[in-house]
Amino acid sequence: MGGRSCPGAAGMTIKVLLLTATLLAGDLALGHAPVLAQTAGAAAATAAQPAPWREKLKLFAQASFKHPAWGYSHSLRIYNLSLQLAAADKAVVDDDVLFAAALLHDAAAFPAYAKKDVDHADRAVELAEGLLRDTGFPMAKLPKVQAVMRTHMFFREPAGPEALYFHDADSLDWLGAIGIARVTATVDLTGTIIGGVPDGPAVVRQLQAFLQAVPPRILSPAGKAMLPERRVFLERYLSTLAAQTDDFKTL
Ligand SMILES: [Fe+2]
Ligand SMILES: [Fe+2]
């Protein structure tokens, strides 16, 4: 899940963006090439034959977390991006930890797992043991998974390589074309998700907020290297949209 708050609207633009997000999700669901980082332990084996716990967790997440912004597709995307960033920095990360954290870190963005007045990241930490225990996950790695989940948001401070690359991957997913698709997908007809305002300007305000807040919080060298392209794309999108909508007045 993304910002501390969330946007609201409908219409053709949103349908197109939702379709884009859906297509991206489909591509990932088809299993297109996860990028392998330099990993500790089971990475090579998992590429060839996934451990049973991974399959169980994947099926659970696929069935339980359906949302274009913080559902299963987002989880797979940032799992792969975490590995990609770690590999670029030649950092050693535990693939098992990243996989489990990726699939469960936004569980509490879904009402069935949310807890009133508890941040979704902290709630995921509470849920992790119960959700992983019966999958066959190597539970000795649970504390690391919880640490990654706890600091996944851009405004938190990651410690250790898994937490660092996952934090940056989750943050980068709010920028660029995918950031636009995700924020737009948080709009709903009732306007209950982000700010209670189901309109385009709410999306713009959220994107502007991320553009200001997220880039300074990308912390790893590989994340910083990836940042400019996504930031510039989002800046251009917003400036073009402003030009076409009388500075958002007719949006
Ligand atoms: Fe997330
Ligand atoms: Fe989140």
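Every value quoted in this text rests on a predicted model; they were computed, and no experiment measured them.

## With respect to the overall build of the protein
Point 1. Scanning the protein from N- to C-terminus turns up eleven helices and two strands.
Point 2. Reading the helices (α) and strands (β) of the protein from amino to carboxyl end gives α-β-α-α-α-β-α-α-α-α-α-α-α.
Point 3. In the protein, which comprises 251 residues, the share counted as buried stands at 45%.
Point 4. Here the contacts in the protein between residues at least 6 apart in sequence split such that 72% fall between residues at least 24 apart.

## Some points on the environment of glycine 160
Point 1. Relative to the helices and strands, glycine 160 resides in the loop between helix 7 (142-150) and helix 8 (161-172).
Point 2. Along the sequence, glycine 160 and alanine 147 sit 13 residues apart, while their C-alpha atoms lie 9.0 Å from each other.

## Let's talk about the nonpolar core
Point 1. Formed by 60 residues in total, the largest nonpolar core has its most connected members in Leu98, Ala100, Ala101, Leu104, Ala124, Met149 and Phe166.
Point 2. Once residues within four sequence positions are removed from consideration, leucine 98 is found in contact with Tyr79, Ser82, Leu83, Val93, Glu162 and Phe166.

## Remarks on the confidence of the model for the protein
Point 1. The pLDDT averaged across the protein works out to 83; a share of 76% of its residues lies at or above 70.
Point 2. Low pLDDT (under 50) marks residues 2-39, which in the prediction has 86 contacts with non-local residues, meaning those over four places away or in another chain.
Point 3. The low-confidence segment residues 41-46, where pLDDT is below 50, has eleven contacts with residues more than four positions distant or belonging to other chains.

## Quick look at the environment of lysine 224
Point 1. Here lysine 224 lies in helix 11 (residues 221-244).
Point 2. Lysine 224 sits 56 residues away from aspartate 168 along the chain, and the two C-alpha atoms are 8.8 Å apart.

## A word on unusual backbone geometry
Point 1. For aspartate 246, which is not glycine, the phi torsion reads 50° and is therefore positive.
Point 2. Of note, aspartate 246 is situated in the segment after helix 11.
Point 3. Non-glycine residue aspartate 247 carries a positive phi angle of around 55°.
Point 4. By the element assignment, aspartate 247 lies in the segment after helix 11.

What counts and how
- Residues numbered from 1 in each chain as written.
- Chains lettered and ligands numbered in written order.
- Predicted model: local features only at pLDDT ≥ 70, side-chain atom pairs only at ≥ 80, totals over all residues.
- Helix = DSSP H or I, 4+ residues; strand = E, 2+ residues; numbered from the N terminus.
- Buried ≥ 20, exposed ≤ 12 C-beta atoms within 10 Å, placed from the backbone.
- Contact = placed C-beta atoms within 7 Å.
- Core = buried A, V, L, I, M, F, W, Y, C linked by C-beta atoms within 7 Å.
- pLDDT = per-residue confidence, 0-100.

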